[in-house]
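So you can see what is in the structure, the chains are spelled out below.
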Amino acid sequence: MAKSSSVKKKPAPRKPSEPSTPPQAAAAFDKALPEIEALSPDRLIPLNLDVPRVVSQVLGVLPGLRALRADIAEHLPTFDIARLDRLETYALAAWYAHLLWLSSGGAENALKPLLAEATPLRENLLGDAEALARRGLLDAATVADIRAGQGHIDVANDLVALSALLSASWSEIAGKTAATEEEVKRAGEIGPQLLAALGVREHGKGPGPTEAADKRARAFALLVHAYDQVRRAVAFLRWDEEDADVIAPSLYKGRTGRATSSTDTAAAPADEAPAGPTASPGTPALVTPAGTAAAPAPGAAPAGMAAPPAPGAAPAGPAAAPAPGAAPSVS
């Protein structure tokens, strides 16, 4: 089959929404809400990834995925192209659901201390990122775009973007920057917390913790399943070029104990399965469809539950990657 040129440049993570996260993400959430609420319980998956980081990653690779839309439609006629077309909506909906969940936990009392921590953290990490960009270790245009932000909402968005950008390249930049891994991780936690606190100040508190957690889990499952199916299509289409993991990298890439796969909803390793209670604003908790809180996952994570899998159990997911020459089945 005809192939498009290989994609060589590593996709850069993006801010969850530009220029203003809450309004655009809220509209996406409203648009996706019927699908979120209709999601079958057996489609829910463990929340063992960091929501903001995954959203940033999906938005970052979206231009490359859209560039393949015509090829996917032509060579995989049974593929539901709406999965790709709605990927941005699903990502922003998951982001907004995450903010609703954060705001349900008392974010209205956290704004002042969050700003006091967030502002210098942004400046320090941004300075480190600019130094790395000058040496060609980070994408200079992405760093410049982050620097252009102003105001409290941009501080929050910039922290998410910086965390995603530095984390994605950590193996290449570790030891070459004054930034620490703890600071990078903290930026990914505090950014969403700050956005949630700002939202509470402007619009009042959202839904209660149980409802918010359920919506977040469902929205994230919707995003992960759609992205997973798109990855499988890309894996088939770009099999010979061997660049599918550049165009659509695994959401678990770089996580200890997990090999790169063409499906992200296949069984997660034991260290990523839900386990004992830990609770930080950046670590999503599991919730059953009935709203009963369950044990949170170690690390932060997209999606999951409803009749949640037992700790260590593998979530249900699509089949493994297609063999060369065989079209992937899509659900």
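Residues numbered from 1 in each chain as written. Predicted model: local features only at pLDDT ≥ 70, side-chain atom pairs only at ≥ 80, totals over all residues. Heavy atoms only, no water.

Chemist: Give a description of the overall build of the protein that names residues and reports values.
Modeler: Scanning the protein from N- to C-terminus turns up twelve helices and zero strands. Helices and strands in the protein line up, N terminus first, as α-α-α-α-α-α-α-α-α-α-α-α. Considering the protein as a whole, with its 331 residues, one finds that 52% of them fall into the buried category. Within the protein, contacts between residues at least 6 apart in sequence are counted, and of these 79% link residues at least 24 apart. Accessible surface for the protein amounts to roughly 13600 Å². Of this, 56% is attributable to carbon and sulfur atoms. (Helix = DSSP H or I, 4+ residues; strand = E, 2+ residues; numbered from the N terminus. Buried < 20%, exposed > 50% of the residue type's maximum accessible area, 1.4 Å probe, protein only. Contact = heavy atoms within 4.5 Å. Areas by Shrake-Rupley, 256 points an atom, 1.4 Å probe, with all protein chains shown as cover.)

Chemist: Provide a residue-level description of the packing of helix H2 (residues 51-67) against helix H5 (residues 87-103), including the pertinent values.
Modeler: Axis angle and axis distance: for two packed helices, these are the angle between their axes and the distance between the axes, and together they describe the pair. Closest axis-to-axis distance for the H2/H5 pair is 10 Å, and the angle between their directions is 165°. Comparing their axes, H5 and H2 come out roughly antiparallel. Two packed elements cross with a definite hand, and for H2 against H5 that hand is left-handed. Residues Val51, Pro52, Val55, Val58, Leu59, Leu62, Leu65 and Arg66 of H2 lie in contact with H5, whose contacting residues are Leu87, Glu88, Ala91, Leu92, Ala94, Trp95 and His98. Split by residue class, the contact of H2 with H5 holds twelve nonpolar, one polar and two charged. (Axes fitted to C-alpha atoms, helices over the stretch in contact; angles between N-to-C directions. Parallel < 35°, antiparallel > 145°, perpendicular 65-115°, else oblique. Left-handed = near helix turned anticlockwise from the far one by under 90°. Nonpolar A, V, L, I, M, F, W, Y, C, P; charged D, E, K, R; others polar.)

Chemist: Can you break down unusual backbone geometry residue by residue, with the values?
Modeler: Apart from glycine, the bulk of residues carry a negative phi angle, and the bulk of peptide bonds sit in the trans form. One non-glycine residue, glutamate 242, lies in the positive phi region at around 60°. Here glutamate 242 shows up in the loop between helix H11 (209-237) and helix H12 (244-247).

Chemist: Would you mind going over helix H6 (residues 111-134) in detail, with residue names and values included?
Modeler: In an α-helix, one turn spans 3.6 residues; hence positions three or four apart end up facing the same way. For H6, spanning 24 residues, the distance from its first C-alpha to its last is 34 Å, which sits close to the expected 34 Å at 1.5 Å a residue. All buried positions along H6 are accounted for by Leu111, Leu114, Leu115, Ala118, Leu121, Arg122, Leu125, Leu126, Asp128, Ala129, Leu132 and Ala133. With its phi angle positive at about 80°, glycine 136 sits one or two positions after the end of H6. (Expected span 1.5 Å × (residues − 1).)

Chemist: I'd love a proper account of the packing of helix H7 (residues 140-147) against helix H8 (residues 151-168), names of residues and values included.
Modeler: Where H7 meets H8, the axes come as close as 10 Å, and the angle between the chain directions of the two elements is 160°. For the element pair H7 / H8, the angle class is roughly antiparallel. Here H7 runs over H8; the crossing is left-handed. In contact with Thr142, Val143 and Ile146 of H7, H8 contributes Asp158, Ala161, Leu162 and Leu165. In terms of residue class, the contact of H7 with H8 is built from five nonpolar, one polar and one charged.

Chemist: I'd like a rundown of the nonpolar core, residues and numbers included.
Modeler: By size, the foremost hydrophobic cluster in this structure holds 88 residues, and its most contacted members are Val55, Leu65, Ile72, Leu194 and Leu223. Take this core: its biggest share by element is 16 residues, from H11. (Core = buried A, V, L, I, M, F, W, Y, C linked by side-chain atoms within 4.5 Å.)

Chemist: Can you tell me about the pattern of salt bridges, naming the residues and giving the values?
Modeler: Enumeration according to the criterion identifies 14 salt bridges in this entry. Between lysine 215 and glutamate 211 there is a salt bridge; the shortest N-O distance is 3.9 Å. Residue lysine 215 and its partner glutamate 211 are located together in helix H11, separated by four residues, close to a single helical turn. Take lysine 215: its relative accessible area is 16%, and that puts it in the buried class. Between aspartate 243 and arginine 238 there is a salt bridge; the shortest N-O distance is 2.8 Å. Sharing partners across several salt bridges, the network here consists of Arg122, Glu123, Glu130, Arg147 and Asp158. (Salt bridge = Lys/Arg side-chain N within 4 Å of Asp/Glu carboxyl O.)

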